Amino acid sequence: MKYIALFKYRYFVILLLLAGFVLRGRATDVSRHDTLSISKSQLSWVAKAKYGFVLPTNNLVKGRSFDIPSLSWRYSEDWKVENFFAYALEFHWTLKPDDWRAKAYRNPYFGIGLSGTNYFDERLGYPWTLYMIYGGRFARITPWLTFNGELNLGYSTNWNHYDRFDNQDNVAVGWKNNIYVSLDLYLRFLLSKHWDAKVGFSFDHFSNGATRMPNRGINMLTPILTLGYRIHDTEEVLQNSTPFVKQRRKYRLDHEVWAMLSVKQIYYNGDNTQLTTQYVDYRHRVFALSYAALLTRSYKYKYGLSLDFLYDESVGAKADYILNSADNKYYEHVTLGEKKDRFMLGISLKGEIVLPYFSVYANMGYDVIHRDKNQPRFYQMMGVKIEPTGTYFATMGIRAAYFSKAQFITWGVGYTFRGKELSSKE
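Calculation notes
Residues numbered from 1 in each chain as written. Predicted model: local features only at pLDDT ≥ 70, side-chain atom pairs only at ≥ 80, totals over all residues. Heavy atoms only, no water. Core = buried A, V, L, I, M, F, W, Y, C linked by side-chain atoms within 4.5 Å. Buried < 20%, exposed > 50% of the residue type's maximum accessible area, 1.4 Å probe, protein only. Helix = DSSP H or I, 4+ residues; strand = E, 2+ residues; numbered from the N terminus. Salt bridge = Lys/Arg side-chain N within 4 Å of Asp/Glu carboxyl O. Phe/Tyr/Trp six-rings, centres within 6.5 Å; stacked < 30°, edge-to-face > 60°. Lys NZ or Arg CZ within 6 Å of the ring centre and 35° of its normal. Contact = heavy atoms within 4.5 Å. Pairing = 2+ DSSP bridges. Axes fitted to C-alpha atoms, helices over the stretch in contact; angles between N-to-C directions.

Student: Even after reading the chapter, I still don't get the nonpolar core, so can you show me in this structure?
Tutor: Note on soluble globular proteins: their nonpolar side chains tend to be buried together. Within the largest apolar cluster, 22 residues are counted, with the highest numbers of intra-cluster contacts made by Y105 and F358. At the level of secondary structure, the elements contributing two or more residues to this core comprise α4 (100–104), β6 (125–142), β18 (378–386) and β20 (405–417). The greatest single-element share of this core, amounting to three residues, is contributed by α4. Y109, Y131, V173 and I224 belong to the second largest nonpolar core, which has 21 residues in total.

Student: What should I look at first to understand the pattern of salt bridges in this one?
Tutor: Pairing between side chains of opposite charge can happen when their charged atoms approach one another. For the structure on display, the rule yields 20 salt bridges. Across the pair R123 and D169 runs a salt bridge, and its minimum N-O distance is 3.4 Å. Of this pair, R123 sits in the loop between β5 (109–118) and β6 while D169 is found in the loop between β7 (145–159) and β8 (178–190), placing the two residues 46 residues apart along the sequence. Exposure class is identical for R123 and D169. Each is buried. Ionic contacts of the salt-bridge type, sharing partners, join the residues E256, K350, E352, K385 and E387 into one network.

Student: How should I be thinking about the packing of aromatic side chains in this particular structure?
Tutor: One pair of aromatic rings is described through two measures. These are the centre distance and the angle between the planes. Using the criterion set out here, one finds 27 aromatic pairs in the structure. Geometrically, the ring pair formed by F84 and Y119 is tilted, given 6.3 Å between the ring centres and 40° between the ring planes. Taken together, the residues F84 in strand β4 (residues 83–94) and Y119 in the loop between β5 and β6 connect sequence positions 35 residues apart. Among the residues examined, F84 registers a relative accessible area of 1% and is labelled buried. Between F110 and Y357, the ring centres sit 4.3 Å apart and the planes meet at 50°, which makes this aromatic pair tilted. Taken as a pair, F110 in strand β5 and Y357 in the loop between β16 (343–354) and β17 (359–369) lie far apart in primary sequence, 247 residues in all. This pair shows no difference in class: F110 is buried, exactly as Y357 is. The aromatic ring of Y105 is capped on one face by K300, whose charged end is 5.7 Å from the ring centroid. Directly above the ring of Y361 sits K350, whose terminal nitrogen or CZ lies 5.2 Å from the centroid.

Student: Honestly, unusual backbone geometry in this entry has me stumped. Any pointers?
Tutor: Residue P214 is bonded to the preceding M213 through a cis peptide linkage, with omega at 0°. Along the chain, the position of P214 falls in the loop between β9 (195–207) and β10 (218–229). A positive phi angle is found at N107, which is not glycine, with a value near 55°. If you trace the backbone, N107 turns up in the loop between α4 and β5. Not every positive phi belongs to a glycine, and Y357 is a case in point at roughly 85°.

Student: Which parts of the structure should I look at to understand the environment of S202?
Tutor: Within the secondary structure, S202 sits in strand β9. With 17 residues separating them along the chain, S202 and L185 place their C-alpha atoms 6.5 Å apart. Contacts of S202, omitting those with residues within four sequence positions, involve K50, S182, L183, D184, M220, L221, T222 and I224.

Student: Sorry if this is basic, but what is going on with the sheet that holds β9 here?
Tutor: Backbone-to-backbone hydrogen bonds join strands into a sheet, with any given pair of strands oriented parallel or antiparallel. In space, the eight strands of this closed barrel follow the order β1-β4-β5-β6-β7-β8-β9-β10, with antiparallel pairing throughout. With direction set aside, neighbouring strand axes in the sheet form an average angle of 25°. Summarising the sheet, β4 and β5 pair through 10 bridges and their orientation is antiparallel. Within the sheet, the bridge partner assigned to E90 lies in β5 and is G113.

Structure, rendered in structure tokens:
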């Protein structure tokens, strides 16, 4: 039970991220007229419904059921999880037409949404999700056709998760709480001044980031085909507003210090043990401290090098089913590895895309000091960062291996030391 109470502060980090996203835009020195008045921006309520496909990425959705007596998987067409239905209510807003970011970022929109999902399968339950929204135009192909995207990131709960006795088939979801990520890509056709149509697809992913095992995750794909009516002609307002003039930008070297606290579970090797499952309910502590030097060359991005220190309690851990001499009963027991093997040091390339309200960052790194035989030296990190004050920030992301296998969720806080200007560029 140690450290579990401390990890409950992850809920505070979630609220901080959402609050920062809603209440405060990102501080920047591109323009002295960087003001945001929600009352003058365009507000809207959006109701959505999705009916799509659950991708066959794990045994549960493929229609395989675990048979405990034989300790093997059985297959049936009736056990497949192929489709889902989701419904959502969202609140959207845009920037003021005279805000420089409306022009610079091609009229982005923001929002908060609440959704419910039905997989038509009791083994998964009926989860609901609270998420934040960012969307906008990537490119204008013709005057009447644009390529657009939308990113959703949130927190999901009420899953019917894995239980070795009551729900042993659900290897996709190991716990009732999960992180939600969704990406929509679509073509938008401007049919008239107020009517438009969208054609594309939406990809959704649920995972707990290895906080609890098993953690195969749920992946969904939904076609997008909509016909919409806009009460306000946003684009015409923007065209008539003051044009955006790119400002002279001072190059600057920012220094970031970031600390992360998390927990994780791992799969245990049951060979030559008395274990009846590889999913032993033991959460290992993870701590990370990172320093990054990032060159800020634009209001849209920054990049640089990061030095990443990691302490991972799971390195070298083993589990077995052993006899407790105190009560003469058998229990699952985890034996931790050597402390010196738990420390790692990596160097990574870090990039950050700066958007109104928040940033998206990604790292690709290599551990110089590394003693974990079950994980590769090459690692990846990706997440979002909210800076309500422009210096202090909170982050939520994930560290992974092989660009697909989650190692743990990164809940962190940090501080940005803004460096001196290096040179002037147009």
